[in-house]
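Geometric and topological summary
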Amino acid sequence: MPVRNEAGQIVKWFGTCTDIEEQKRTEQALRQSQERIRALIDSNIIGITSNEGDEEVLVDANDAFLHMTGYTREDLNNRTLNRMRITPPEHAPLFQRVLQEVATHGQHTPIEAELVCKDGSRLPVLAGAVTFQDHPRQMIGFVLDNSARKELEQRKDDFISMASHELRNPLTALKMQTSLLRRQLAKQGLQASAPALSSMETQINKVTRLVEELLDVSKIQAGRLEYRQETVDLDALLRETIDTMQQTHPSHRILVRGVVQASLMADRDRLGQVFTNLISNAIKYSPGAETVEIDLEASLETVTIRVHDHGLGIPREQRDKIFERFYRATGPKQKAIPGLGMGLYIVAEIVKRHGGTITVESAVGKGSIFTVTLPKKRDILD
Ligand code: ADP
């Protein structure tokens, strides 16, 4: 700035100098970080979407998303794409949960879902989204093509289904042959081979049970597990199951307290499978214990069966997972006990289909209580 005298001549200059290196660096860093994010958005490996409002209208998306789904920029500009249109109707409950999570946490854990593409086909995707504090009605999301993984999963499921079918036939033949052999040997008075034959039969029965469980798992996956509807005297079924278990597992005393005094409309064999599995787990996972207790209780509307063991227990963070397919608890003591992680998955499915619930309480090193509650009057759900 010039300083002038009365005649208007410049006699001095004032000047200032500000160090803006920091500012420049920040600007450059911001630009760089924007460019980096841009590189991801412009790549063709991840779909990015932006949607707004209650109907979640898609207002913007990158080329990768459009490429995946077949929609065009024009579709976006016309504001014709909303969540209803690009996701299948059966996903509604899933998105309800997602929206709730977004509302409370500002983001949701990635979900596996399907997108309805422009040509009507469905694309399996992994998707997640965040919202902004100052714009809670706006969401930015990512979408990853999940079809390769889904296809692999399907192939594994098909394999399990085929393998269990393929294994069943030779097992049935083996079973028939051993019982034929048993009869022939008995006829000829050759009793010396009887113990070996018995042990063969025990092993065959073990493998048969595993194969049956594998078949059940794949039927559940495909939604093809069938249920009969019949009147089931629950006390009689429990008595029968417990007697059989007691005979085959003399290591533990199975104590029963109470009665349910109820008949249910249910599938007898499937319910028997539930109790057999829970009791067998209670025994299996309490190697040092002497007893397993079963408490029975009935109210006006429900019956409750509690299977209580004094065994290894289950860590809190694994308690929900044990009902998932093929999940096994990870502790070294648990892992040392053989199993394939199918039993509780099947149990939970059967209980659910009977309109009931199953829960677990547990204390590590002390034991677990599995509680099954079944409604007295209810048809098996389709
Ligand atoms: P499996 O026993 O064949 O592994 P399940 O589906 O029956 O399969 O059980 C899943 C997992 O849950 C088991 O691997 C075990 O770790 C845990 N679990 C089930 N029942 C009990 C129990 N009564 N006590 C402790 N852990 C249990």
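Residues numbered from 1 in each chain as written. Predicted model: local features only at pLDDT ≥ 70, side-chain atom pairs only at ≥ 80, totals over all residues. Heavy atoms only, no water.

**Some remarks on the overall build of the protein chain**
What counts here: The helix and strand labels rest on DSSP assignments: H or I over at least four residues marks a helix, E over at least two residues marks a strand, and numbering proceeds from the N terminus. Computation of the radius of gyration draws on C-alpha atoms alone. For the globule rule, the value is 2.2 Å times the number of residues to the power 0.38. For each residue, the accessible area found with a 1.4 Å probe, counting protein chains only, is set against the maximum for its type, and the residue is called buried under 20%, exposed over 50%, and partly exposed in between. Throughout, a contact is declared for two residues whenever any of their heavy atoms are within 4.5 Å. Residue burial considers only the protein chains on display, and all accessible areas are found by Shrake-Rupley using a 1.4 Å probe.
Within the protein chain, the regular secondary structure consists of 11 helices and 14 strands. By the compact-globule yardstick of 21 Å for 382 residues, the protein chain is too spread out, its C-alpha radius of gyration being 32 Å. Along the first, second and third principal axes, the C-alpha atoms of the protein chain reach 140 × 50 × 45 Å. The buried share of the protein chain, reckoned over its 382 residues, is 39%. Once local pairs closer than 6 in sequence are excluded, the contacts in the protein chain between residues at least 24 apart make up 59%. Accessible area for the protein chain stands at about 23800 Å²; split by element, carbon and sulfur atoms hold 54% of it.

**Quick notes on the domain arrangement of the protein chain**
This is how the line gets drawn: The domain limits used here are those given by an automatic or database domain assignment. Values labelled buried area give the accessible surface lost by two parts on being combined, using a 1.4 Å probe and summing over both. Each reported salt bridge corresponds to a side-chain nitrogen of Lys or Arg within 4 Å of a carboxyl oxygen of Asp or Glu. Under this definition, polar contacts are N or O atom pairs within 3.5 Å; protein pairs additionally need one hydrogen-donor-capable and one acceptor-capable atom, and for neighbouring residues in sequence, both atoms have to be side-chain atoms.
Annotation of the protein chain at the domain level lists domain 1 (21-144), domain 2 (149-222) and domain 3 (230-375). Between domain 2 and domain 3, the C-alpha centre-to-centre distance is 24 Å. At the junction of the two partners, domain 2 supplies 9 residues and domain 3 supplies 11 residues. Between domain 2 and domain 3, roughly 940 Å² of surface is buried when both sides are summed, and carbon and sulfur atoms account for 62% of that area. By the criterion of area lost to domain 3, the three top residues of domain 2 are E213, V217 and I220, representing 52% of everything that side buries. Counting every contact that joins domain 2 to domain 3 gives 2 salt bridges. For D157, the salt bridge is made with R325, and the minimal N-O distance between the two is 2.9 Å. For the pair domain 2 and domain 3, the interface holds 4 residue pairs in polar contact (both at pLDDT 80 or more). Elements with a minimum of two residues in the side of domain 2 that touches domain 3: helix 6 (147-187) and helix 7 (194-221).

**Concerning the sheet that holds strand 9 (residues 253-257)**
Quick reminder of the rule: By the convention used here, strands pair only if DSSP detects at least 2 bridges between them. Whenever a helix is involved, its axis is fitted only over the stretch in contact; in every case the axis is a line through C-alpha atoms, and angles between N-to-C directions fall within 0 to 180 degrees.
The strand order across the open sheet formed by 5 strands is 9-11-12-14-13, and the pairing between neighbours is mixed. In this open sheet, the two strands that pair with only one neighbour each are strand 9 and strand 13 (357-363). Between one strand axis and the next, the sheet turns by 15° as a mean value, whatever way the strands run. As defined by bridge partners, strand 12 (residues 302-309) adjoins strand 14 (residues 367-375) across 7 bridges and the pair is classed as antiparallel. From the neighbouring strand, V307 faces strand 14, where its bridge partner is F370. Lying over the sheet, helix 8 (residues 234-248) contacts strand 9, strand 11 (291-298) and strand 12, oriented at roughly 165° with respect to strand 9. Its contacts with the sheet put helix 11 (residues 343-353) on strand 13 and strand 14, and the angle it makes with strand 13 is roughly 135°.

**Some points on the nonpolar core**
The condition is simple: In plain words, nonpolar cores are sets of buried Ala, Val, Leu, Ile, Met, Phe, Trp, Tyr and Cys residues tied together by side-chain atoms within 4.5 Å.
Core analysis: the biggest nonpolar cluster contains 47 residues, and L234, L278, I305, I358 and F370 have the highest contact counts within it. Taken domain by domain, the makeup of this core includes at least three residues from each of domain 2 (149-222) and domain 3 (230-375). Once residues lying within four places of it in the same chain are set aside, the contact partners of L234 are V260, A262, L264, L271, F275, V303 and I305. F65, L81, L94 and F95 belong to the second-largest nonpolar core, a separate cluster that totals 23 residues.

**Notes on the packing of aromatic side chains**
Basically, it comes down to this: Stacked, edge-to-face and tilted are the three classes for Phe, Tyr and Trp ring pairs, Trp counted by its six-membered ring, which pair at centre distances within 6.5 Å; planes under 30 degrees apart are stacked, over 60 edge-to-face, the rest tilted.
Applying the stated criterion across every chain yields a total of 1 aromatic pair. Ring centres of F323 and F370 lie 6.3 Å apart, and the angle between their planes is 75°; on these two criteria the pair is classed as edge-to-face. In this pair, F323 sits in the loop between strand 12 and helix 10 (332-335) while F370 sits in strand 14, placing the two residues 47 residues apart along the sequence. Here F323 matches F370 in class, with each residue buried.

**Regarding the UniProt feature "domain: PAS" (unreviewed entry) in the protein chain**
This is how it is decided: UniProt positions are given in the numbering used here, feature names are shortened, and annotations may be inferred rather than shown by experiment.
Residues given the UniProt feature "domain: PAS" (unreviewed entry) here are residues 33-106. Structurally, residues 33-106 is divided into 54% helix and 15% strand, and its ends, taken at the C-alpha atoms, are 22 Å apart.

**Comments concerning the sheet that holds strand 4 (residues 57-61)**
One open sheet holds the 5 strands; their spatial order is 4-3-7-6-5, and the pairing between them is antiparallel. On the outer flanks of this sheet lie strand 4 and strand 5 (111-116), each paired with one strand and no other. Sheet twist, expressed as the average angle between the axes of neighbouring strands with direction ignored, equals 40°. Bridge count for strand 5 against strand 6 (residues 122-131) is 6 bridges, and the pairing is antiparallel.

**Some words on the environment of G343**
Along the polypeptide, G343 turns up in helix 11. With 65 residues separating them along the chain, G343 and L278 place their C-alpha atoms 8.3 Å apart. Not counting residues up to four positions away in its chain, the partners in contact with G343 are E213 and N277.

**Considerations on the packing of helix 8 against helix 9 (residues 268-284)**
Put simply, the test is: By definition in this entry, angles of less than 35 degrees are roughly parallel, angles greater than 145 are roughly antiparallel, angles of 65 to 115 are roughly perpendicular, and the rest are oblique. Definitions for this section: a left-handed crossing has its near helix turned counterclockwise from the far helix by less than a right angle. A right-handed crossing has that turn clockwise.
Viewed as axis vectors pointing N to C, helix 8 and helix 9 meet at an angle of 45°, and their least axial separation amounts to 10 Å. Judged on the interaxial angle alone, helix 9 and helix 8 are oblique. The handedness of the crossing between helix 8 and helix 9 comes out as right-handed. Residues L234, A236, L237, L238, E240, T241, I242 and M245 of helix 8 touch helix 9, and the partners they reach there are R268, L271, G272, F275, T276, I279 and S280.

**Here we look at the pairing of strand 10 (residues 263-266)**
Alternating positions in strand 10 separate cleanly, L264 and A266 being buried on one face and S263 and M265 remaining unburied on the opposite face. Sheet topology places strand 8 (residues 230-233) next to strand 10; 4 bridges connect them, and they run antiparallel. Looking across to strand 10, one finds that V232 is bridged to L264.

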